[in-house]
Amino acid sequence: MAYNRDNIQKVKELLNARRSDAVSTSMRRKAEMEARIPGYAELENALAGTGARIMQAAFSHTLDDATVAAIREDNRRLREQKGALLQRYGYPADYTDIHYTCEACSDTGYRGIEMCVCMRRELIQAGVESAGLASLIKTQSFETFSLDFYENHDRIIMENNVRRLRQFADTFSADTSESWLFAGATGLGKTHLSTAVAGVVISRGFDVIYDSVQEILAVYEEDRFSHGEGTQHQRGRTVESLLECDLLIMDDLGTELTNQFTVSSLYSMINTRINRGKSTIINTNLTQSEIRSRYTDRIASRLFGEYKPLLFKGVDVRAQKLRK
């Protein structure tokens, strides 16, 4: 899996903090019980002794199986005594144990050499947040996309769109270089299906950025004023992150202020990602003729020559939902 390196570091720090908190809580509770319950400290010391003997046995070739079994039985008996003592004073039997958030990996993130499911889950969530999809992804997926709002030939077109995009998302890889141009009037599902694609691709471990054209151009604007020194946008974006992420999704092409700088920035981003073999999805309400008149021939030729067009047809779904 090609998880974002910054997200991996972030998740490792989160798991380390959880593990540290669990150990600290256990130590604090043990000190509390030693002060409150007569005989508790002696049981803890005895358990520490059997724990050390088990570790010694594990690394020693001189101890036989019977001796190891006897040590383990002593440890089990002492733990039972400790639990009974805690319960006698009104505490849960496991009150002073270390309670990890994930008992499967003890909050290390790994089970042996395999990544634990808890770490994968946190990496997916970190990917959602860094992609800019924290709110959208909760409600916009392939499963929640309804074709009931499309009729006749429009429904056939949209069924085909969903099928193609689902296949694209399910088979996405680091070598994927397919780019898509979603075109159609407002309220026809471009954002919903873009989010659905992003959710699947993120869950499979790839680095996704989803943002409006305005916000993406703001990154280029800040980079220009910083003289290319890699200044980070308020959302944590840099020009290089836009160029290098596995999948870039640009929403609302055509709503940005169009001038020489924005057109030049758009061309640079589109062309560089094509040259690097990076996949991009662009959403727009503009028609083909509007794109040609609004942007340079260089941008139009890249969009119509290198991107797969996907036409969205139907009657404004948002308006239909409001009427209901």
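Note: the structure precedes this text.
Reading guide: rules and limits
Residues numbered from 1 in each chain as written. Predicted model: local features only at pLDDT ≥ 70, side-chain atom pairs only at ≥ 80, totals over all residues. Heavy atoms only, no water. Buried < 20%, exposed > 50% of the residue type's maximum accessible area, 1.4 Å probe, protein only. Helix = DSSP H or I, 4+ residues; strand = E, 2+ residues; numbered from the N terminus. Pairing = 2+ DSSP bridges. Right-handed = clockwise from strand over helix to strand, strands pointing away. Axes fitted to C-alpha atoms, helices over the stretch in contact; angles between N-to-C directions. Contact = heavy atoms within 4.5 Å. Core = buried A, V, L, I, M, F, W, Y, C linked by side-chain atoms within 4.5 Å. Expected span 1.5 Å × (residues − 1). Phe/Tyr/Trp six-rings, centres within 6.5 Å; stacked < 30°, edge-to-face > 60°. Lys NZ or Arg CZ within 6 Å of the ring centre and 35° of its normal. Polar contact = N/O pair within 3.5 Å; in protein donor to acceptor, adjacent residues only side chain to side chain.

Enquirer: Let's hear about the pairing of strand S5 (residues 247-253): which residues, and what values?
Expert: The element S5 is extensively covered by neighbouring structure, given that 6 of its 7 residues are classed as buried. For strand S4 (residues 208-212) and S5, the ladder comprises 5 bridges, and the chain directions are parallel. Bridging from a neighbouring strand, aspartate 211 pairs with methionine 250 of S5. Sheet topology places S5 next to strand S6 (residues 279-284); 5 bridges connect them, and they run parallel. Note on S6: the bridge partner recorded for leucine 247 is serine 279. Handedness of the crossover joining S5 and S6 through helix H9 (residues 260-275): right-handed.

Enquirer: Please set out the sheet that holds strand S7 (residues 308-311) residue by residue, giving values where relevant.
Expert: If you trace the 5 strands from one edge of the open sheet to the other, you get S4-S5-S6-S3-S7, paired in parallel fashion. The sheet is open, and its two edges are formed by S4 and S7, each paired on a single side. Across this sheet, the average inter-strand angle for adjacent strands is 15°, counted without regard to direction. Along the sheet, helix H5 (residues 152-170) contacts strand S3 (180-183), S6 and S7; its crossing angle with S7, the most-contacted strand, is approximately 140°.

Enquirer: Pulling in residues and values, what's your account of the nonpolar core?
Expert: Counting residues in hydrophobic clusters, the biggest one holds 31 residues, and the most contacted among them are Phe142, Leu165, Leu193, Val197, Val201, Leu247 and Ile281. Breaking this core down by element, the ones donating at least two residues are H5, S3, helix H6 (190-203), S4 and S5. Counting residues per element, this core draws most heavily on H6, which supplies 7 residues. Those residues in contact with phenylalanine 142 that sit more than four places away from it in its chain are Val162, Leu165, Arg166, Ala169, Leu193, Ala196, Val197 and Val200. Counting 26 residues, the second largest nonpolar core, distinct from the first, contains Leu217, Val219, Val239 and Ile270.

Enquirer: Mind laying out helix H7 (residues 213-225), listing which residues take part and the relevant values?
Expert: Taking 1.5 Å of rise per residue, the 13 residues of H7 would be expected to cover 18 Å, and the 19 Å separating its terminal C-alpha atoms lies within 8% of that figure. Tucked into the core, H7 has its buried residues touching S4, helix H8 (239-244), S5 and H9.

Enquirer: Which residues make up the packing of aromatic side chains, and what values go with them?
Expert: This structure, assessed with the given rule, holds 6 aromatic pairs. A centroid spacing of 4.9 Å and a plane angle of 40° characterise the contact between tyrosine 91 and tyrosine 95, whose relative ring orientation is tilted. When the ring of phenylalanine 172 is compared with that of phenylalanine 206, the centres are 5.2 Å apart and the planes differ by 70°; the resulting orientation is edge-to-face. Taken together, the residues span a long stretch of sequence, with phenylalanine 172 in the loop between H5 and S3 and phenylalanine 206 in the loop between H6 and S4 at a distance of 34 residues. Taken individually, phenylalanine 172 and phenylalanine 206 each receive the classification buried, so the pair is uniform in this respect. Ring pairing ties together the aromatic residues Phe168, Phe172, Trp180 and Phe206, which thus form one cluster. Sitting above the plane of the tyrosine 267 ring, arginine 298 keeps its charged end 3.9 Å from the centroid.

Enquirer: Run through H9, naming residues and quoting values.
Expert: The end-to-end C-alpha separation of H9 is 22 Å, in line with the 22 Å expected for 16 residues at 1.5 Å each. Those residues of H9 that sit buried are Thr262, Val263, Ser265, Leu266, Tyr267, Met269, Ile270, Asn271, Thr272 and Arg273. Elements that come into contact with the buried residues of H9 comprise H7, H8, S5, S6 and helix H11 (297-306). The backbone nitrogen of phenylalanine 261 lies 3.0 Å from a side-chain oxygen of the residue at the head of H9, namely asparagine 259.

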